Amino acid sequence: MNESLPALLLRRSEGGDPAYLLGVPDLSPAAASAFQQLLALGVVLHPRVLDTWDPCANCSCGAEERHVRWIDGIPVAICPLSSEDDETLDPGDLQLFQISLSRLAELVGRAAGLDDRPEQIAPRLWRLGRMAGGRVLLLATSSSAVRGAGVFDRLKVLDRSARFTLIANMKSAVDIAALEERGIDVVPLDEAFVASEPGRPVRVDLNRLLVVTVTSDPDVLEVNPMALTAAFGGRALQLEPRHARVLNVLAREADDGGAAATRDDLYRALVGRDDADAPVGDEQVDKAVSSIRGALCEARDLPRSAGTKLIAAVRGHGYRLMAPPIRVLIR
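Residues numbered from 1 in each chain as written. Predicted model: local features only at pLDDT ≥ 70, side-chain atom pairs only at ≥ 80, totals over all residues. Heavy atoms only, no water.

A. Fine view of the overall build of the protein chain. In terms of regular secondary structure, the protein chain is built from 10 helices and 19 strands. The buried share among the 331 residues of the protein chain stands at 47%. For the protein chain, the proportion of contacts with a sequence separation of at least 24, taken over those separated by at least 6, is 52%. Taken as a whole, the protein chain presents about 16,500 Å² of accessible surface, with 48% of it coming from carbon and sulfur. (Helix = DSSP H or I, 4+ residues; strand = E, 2+ residues; numbered from the N terminus. Buried < 20%, exposed > 50% of the residue type's maximum accessible area, 1.4 Å probe, protein only. Contact = heavy atoms within 4.5 Å. Areas by Shrake-Rupley, 256 points an atom, 1.4 Å probe, with all protein chains shown as cover.)

Put into structure tokens, the structure is as follows:
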């Protein structure tokens, strides 16, 4: 996991909600894999590809923007006046990503070892939960989030006499000192998302949540139940959270002697805290298993029909993840 990736997302959120990231960030191979997992988790969304580009730099066409035309799979910004001013673009630069601040806050809280569900207590300010020792961890997705009238009073109502630790993109020594006087210790982004050392006020270790594949063995299924992420044969699976919970149950049973997961267990896996009122029945379980089969086959470039050999139906009982040939690694 590239330590700058979470800080990058939070810095991009400084402008408010919704927060956007234009273009695929230049990341190391490990961070690029983690970025794909953030997409799978819904922390980063991919709403669209841009179809317009900046105006010409050195011509007199007067256009405020140029339309993008794809020619043989390559995007080109077209000058309306002269083809000599057309500009060949990198496809990655046209990708527009949206950052889900609520999902980002949830991920940061889990990475800090907190079980609480984040609570938004003010615009762009989240209470992530209470850490060991009694401190309350806060996350600001904008440095201005704690400057509003009454914000501190609301914090004190929620946690009387508590001391607070705030993760925020703050650089002003004056602002930091003012917050410390009010019982809020500020941890800058560059210090929050690094390897923990004795004495650090908070550890936010996204490595423990995002799958970092340790093998490219085509038969190994790596599952991270806490983060709801998985990889098969070294390739991350693209699953929605409730389907990832179903895979967690299948993997747990396979790892514990190869038993089949009952439909009752799979029902419970589908009912998560974010969708407790969603309908759950045989149809939803079968749909989840079908989605997992498809993701497993896609990761291994197998035909979709091979999915029944990876997850078998057990009549009158449930489903079994076929291990072997699959070997399960639970992180």
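B. View of helix 7 (residues 241-255). Along its 15 residues, helix 7 runs 21 Å from first to last C-alpha, staying within 8% of the 21 Å computed at 1.5 Å per residue. The set of residues buried in helix 7 consists of Arg 242, His 243, Ala 244, Arg 245, Val 246, Leu 247, Asn 248, Val 249, Leu 250, Ala 251, Glu 253 and Ala 254. Downstream of helix 7 by one or two residues, Gly 257 has phi in the positive range, about 100 degrees. (Expected span 1.5 Å × (residues − 1).)

C. Broad picture of the environment of Val 108. As for its position among the elements, Val 108 is in helix 3 (residues 101-111). Judged by relative accessible area, which is 1%, Val 108 ranks as buried.

D. Structural detail: the sheet that holds strand 3 (residues 52-53). Read from one edge of the open sheet, four strands run 3-4-5-6, paired in antiparallel fashion. If you trace the sheet from one side to the other, it starts and ends with strand 3 and strand 6 (87-88), each paired once. In this structure, strand 5 (residues 74-78) lies alongside strand 6, joined through two bridges in antiparallel fashion. Bridge assignment links Ala 77 to a residue of strand 6, and that residue is Glu 87. (Pairing = 2+ DSSP bridges.)

E. The sheet that holds strand 13 (residues 220-224), seen in detail. Taken together, four strands build an open sheet; the order of strands is 15-14-13-19 and the sheet is mixed. Edge strands, defined here as strands with exactly one partner in the open sheet, are strand 15 (235-236) and strand 19 (327-330). With four bridges connecting them, strand 13 and strand 19 associate as parallel partners. In the sheet register, Leu 221 faces strand 19, and the bridge partner there is Val 328.

F. Quick look at the pattern of salt bridges. Counted according to the given criterion, the structure contains 10 salt bridges. We note a salt bridge from Glu 106 to Arg 103, for which the minimum N-O separation is 3.4 Å. Linking Glu 106 with Arg 103, this pair stays in helix 3, spanning three residues, or about one helical turn. The residues Glu 106 and Arg 103 share a single accessibility class, namely buried. A salt bridge links Arg 252 to Glu 253; the nearest nitrogen and oxygen atoms lie 3.4 Å apart. (Salt bridge = Lys/Arg side-chain N within 4 Å of Asp/Glu carboxyl O.)

G. Looking closely at the environment of Gly 258. Mapping Gly 258 onto the fold places it in the loop between helix 7 and strand 16 (261-262). Along the primary structure Gly 258 and Arg 320 are separated by 62 residues, whereas in three dimensions their C-alpha atoms are 7.5 Å apart.

H. How the structure looks around the environment of Ala 259. Topologically, Ala 259 is positioned in the loop between helix 7 and strand 16. Sequence separation between Ala 259 and Tyr 319 is 60 residues, and the spatial gap between their C-alpha atoms is 9.0 Å. With residues near it in sequence (within four places) discarded, Ala 259 still touches Glu 253, Ala 254 and Arg 320.

I. How the structure looks around unusual backbone geometry. In this structure, Pro 324 follows Ala 323 across a cis peptide bond, with omega equal to 0 degrees. The topology assignment puts Pro 324 in the loop between strand 18 (318-321) and strand 19. Backbone torsion omega between Pro 324 and Pro 325 reads 10 degrees, so that peptide bond is classified as cis. Along the polypeptide, Pro 325 turns up in the loop between strand 18 and strand 19. Of note, the phi angle at Arg 124 is positive, near 65 degrees, even though the residue is not glycine. Position of Arg 124 among the secondary structure elements: in the loop between strand 8 (119-122) and strand 9 (125-130). On the basis of relative accessibility, which here comes to 26%, the residue Arg 124 falls in the partly exposed class. Positive phi, normally seen in glycine, also occurs at Asp 301, with a value near 55 degrees. Mapped onto the fold, Asp 301 is located in the loop between helix 9 (282-299) and helix 10 (307-310). Judged by its relative accessible area of 62%, Asp 301 falls in the exposed class.

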